[in-house]
Amino acid sequence: MKRLAILGATGSIGMQALEVAAAQAELEVVALAAGSNVAGLVAAARATGAEYLALTDPAAAAQAAAELGRPVQSGPGALAALVTESGADLVLNAVVGAAGLEASLTTLNAGLDLALANKESLVAGGELVLAAARRGGGLILPVDSEHSALQQCLGDVPREQVASLVITASGGPFRGRTRAELANITVEQALAHPTWTMGAKITIDSATLMNKGLEVIEAHMLFDLPYSAIEVVVHPQSIVHGMARLRDGALIAHLGHPDMRVPISYALTYPRREAVPARPLEWTEAFSLDFEPPDLETFGCLRLAIEAGEAGGTAPAVLNAANESAVAAFLTGGTGFLEIEALVAHALDAVAPVALDSFETVVDADLAARAAVASRLSEARA
Ligand code: NAD
Ligand code: MG
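Parameters at a glance
Residues numbered from 1 in each chain as written. Chains lettered and ligands numbered in written order. Predicted model: local features only at pLDDT ≥ 70, side-chain atom pairs only at ≥ 80, totals over all residues. Heavy atoms only, no water. Helix = DSSP H or I, 4+ residues; strand = E, 2+ residues; numbered from the N terminus. Rg over C-alpha atoms; globule rule 2.2 N^0.38 Å. Buried < 20%, exposed > 50% of the residue type's maximum accessible area, 1.4 Å probe, protein only. Contact = heavy atoms within 4.5 Å. Areas by Shrake-Rupley, 256 points an atom, 1.4 Å probe, with all protein chains shown as cover. Near = heavy atom within 4 Å. Polar contact = N/O pair within 3.5 Å; in protein donor to acceptor, adjacent residues only side chain to side chain. Nonpolar A, V, L, I, M, F, W, Y, C, P; charged D, E, K, R; others polar. Domains from an automatic or database assignment. Salt bridge = Lys/Arg side-chain N within 4 Å of Asp/Glu carboxyl O. Buried area = accessible area lost by both parts, 1.4 Å probe. Patch = residues over 30% accessible without salt bridge, like charges linked within 9 Å, V, L, I, M, F, W, Y side chains within 5 Å. Pairing = 2+ DSSP bridges. Axes fitted to C-alpha atoms, helices over the stretch in contact; angles between N-to-C directions.

Trainee: So what about the overall build of the protein? Which residues, and what values?
Mentor: A tally of helices and strands in the protein yields 16 helices and ten strands. The globule rule puts the C-alpha radius of gyration for 382 residues at 21 Å, and the 20 Å found for the protein is close to it. Dimensions along the principal axes, computed over C-alpha positions, put the protein at roughly 60 × 55 × 40 Å. Residues classed as buried in the protein amount to 55% of the 382 residues present. Across the protein, contacts joining residues at least 24 apart in sequence account for 66% of those joining residues at least 6 apart. For the protein, the accessible area works out to roughly 15700 Å², and carbon and sulfur atoms hold 54% of it.

Trainee: With reference to specific residues and values, describe the site of ligand 1.
Mentor: In the neighbourhood of ligand 1, 23 residues make up the surrounding shell, with Thr 10, Ser 12, Gly 35, Glu 120 and Gly 199 lying closest. Between ligand 1 and Glu 120, the relevant distance is 2.6 Å, taken from an oxygen atom to a side-chain nitrogen or oxygen of the residue. In this structure, an oxygen atom belonging to ligand 1 sits 2.8 Å away from a main-chain N or O atom of Gly 199. Against a free-state accessible area of 840 Å², the protein chains account for coverage of 84% of ligand 1. At the level of elements, helix H1 (12-22) and helix H6 (119-136) are the ones that each hand at least two residues to the shell around ligand 1. For the shell around ligand 1, the class distribution of residues is twelve nonpolar, eight polar and three charged. Of the domains in this structure, domain 1 (2-143) and domain 2 (145-258 + 291-308) are the two that each give at least three residues to the shell around ligand 1.

Trainee: Describe the pattern of salt bridges, naming the residues involved and giving the relevant values.
Mentor: It is possible for side chains bearing opposite charge to pair when their charged atoms get close. Under the counting rule described, the total for this entry stands at 17 salt bridges. We note a salt bridge from Lys 119 to Glu 215, for which the minimum N-O separation is 2.9 Å. Note that Lys 119 is positioned in helix H6 and Glu 215 in helix H11 (residues 210-223), a separation of 96 residues in sequence. Comparing Lys 119 with Glu 215 shows no difference in burial state: the two are buried. One salt bridge in this structure joins Glu 341 and Arg 179, with 3.1 Å as the shortest N-O distance. Residue Glu 341 is found in helix H15 (residues 337-350), and its partner Arg 179 is found in helix H8 (residues 179-182); the two are separated by 162 residues along the sequence. Glu 341 gets classed as buried once you look at its relative accessible area, which sits at 13%. A single salt-bridge network, built from bridges that share partners, covers Lys 119, Asp 144, Glu 146, Lys 212 and Glu 215.

Trainee: Can you break down the domain arrangement of the protein residue by residue, with the values?
Mentor: By the assigned domains, the protein splits into domain 1 (2-143), domain 2 (145-258 + 291-308) and domain 3 (312-382). One C-alpha centre belongs to domain 2, the other to domain 3; they are set 22 Å apart. Summed over both partners, the interface of domain 2 with domain 3 comes to about 1700 Å²; 76% of that surface belongs to carbon and sulfur atoms. The interface formed by domain 2 and domain 3 contains two salt bridges. Put simply, the parts of the chain that give the side of domain 2 that touches domain 3 at least two residues each are H8, helix H9 (187-190), helix H10 (200-208), H11 and helix H13 (300-311). Within the side of domain 2 that touches domain 3, the residues separate by chemical class into 17 nonpolar, four polar and four charged.

Trainee: Before we move on, could you go through a nonpolar patch on the surface and cite the residues and values that matter?
Mentor: Residues Leu 255, Trp 283, Phe 287, Leu 289 and Phe 291 make up a contiguous nonpolar surface patch of about 500 Å² in total accessible area. With respect to the element layout, Phe 291 can be found in the loop between helix H12 (261-269) and H13.

Trainee: Talk me through the sheet that holds strand E1 (residues 2-7); I want residue IDs and the actual numbers.
Mentor: Pairing in this open sheet of six strands is parallel, and the strands run E3-E2-E1-E4-E5-E6 from one edge to the other. Only two strands of the sheet have a single neighbouring strand rather than two, namely strand E3 (52-55) and strand E6 (140-142). Each neighbouring strand pair of the sheet contributes to a mean axis angle of 20°, computed without reference to strand direction. Examined bridge by bridge, E1 and strand E2 (residues 27-34) share six bridges and lie parallel to one another. Residue pairing for E2: Arg 3 is matched across the bridge by Glu 28. Across the sheet, helix H5 (residues 101-109) touches E1, strand E4 (90-93), strand E5 (113-116) and E6, and the angle it forms with E5 is around 150°.

Trainee: Could you give an account of the environment of Leu 116, with specific residues and numbers?
Mentor: If you trace the backbone, Leu 116 turns up in strand E5. Once the C-alpha coordinates of Leu 116 and Tyr 270 are considered, the two residues, 154 residues apart in sequence, prove to be 13 Å apart. Not counting residues up to four positions away in its chain, the partners in contact with Leu 116 are Asn 93, Ser 104, Ser 121, Leu 122, Ile 140, Leu 141, Pro 142, Val 143 and Asp 144.

Pasting the structure below:
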């Protein structure tokens, strides 16, 4: 029996994880946390009987506590407190954004295994997360489909036999468009992802290709390979999730219809593999797999992310926080689609990177990047 805590339980990944956990007698959900979604938390609490609950938003926590007739923790430190108090063995971090970093660090510092969907943890504070895993001895089990695939392709191949890792990208809804064609993109158009149904922030990141950029940094951190050994290829069908290119030229690929329950289940039931009711790939009908190089001129966010990764230190934290602010502004009508890239570039120019030596350093870089985006947005409105 594994005692599982789900952070971000009311989101796209969190709800699919609840479905996976409900089907596995081996997994007991003991703790649930989210941001402010009262109805979602109450429903998940009733469905699982989880004992430890938290909502970071205090008013939402009070309302959920009243509906359930039992305590719901709240406040900024609530997630980290839940991780340690609940006696969980395994924590799924499916919070969106750098808000998930503290809980990742708490989990690993406590020596617990971390099923990590919150890629922003590794982007903003990668070196701290890896150091916490080394100190505590817990495993980092990636939930991001590409990284789950890469971990499986790599198996126990020694690193010196790996020539590169290949991350696939669907290309998002605007694959093949020119910059001029992206100028008047609406929120609705950007939220219409061709192959995956996900939370709003990652869906916009998929449309700008920032998501792929964050994933390049995530892969660099997880698999300890230089940026020059991480390739991105656009693959519109989202059937090949990742490939390891070995030094003899062999490419080991991981395939399947896009379904996040597969990597979620792999991380939650590791090292076992349990059945998942995902649609199998069938060979009774013909289908093709297409691949093309990414367009780094049109989708400059991917290029900015790789540059920030190579710069190191707090540059990826600045990139990530600026992107979170810019995407939030785009989603609420406060800026245009192409301005997301411009705002991130501005923040990277405005906030000089420093060495990443503490959680506070990440928080400072994160806040400075958000302030740089906010002031650029208010200048634009003036
Ligand atoms: P989502 O928006 O659907 O859900 C986010 C969850 O986080 C919700 O439960 C929300 O209440 C909670 N949350 C938000 N802010 C919070 C805060 N400050 N404190 C605590 N909880 C907070 O997002 P999602 O699509 O499920 O994505 C979650 C994470 O998984 C992201 O990092 C994303 O990049 C990653 N991911 C998602 C997918 C996918 O298919 N959705 C695939 C790969 C990786
Ligand atoms: Mg992914």
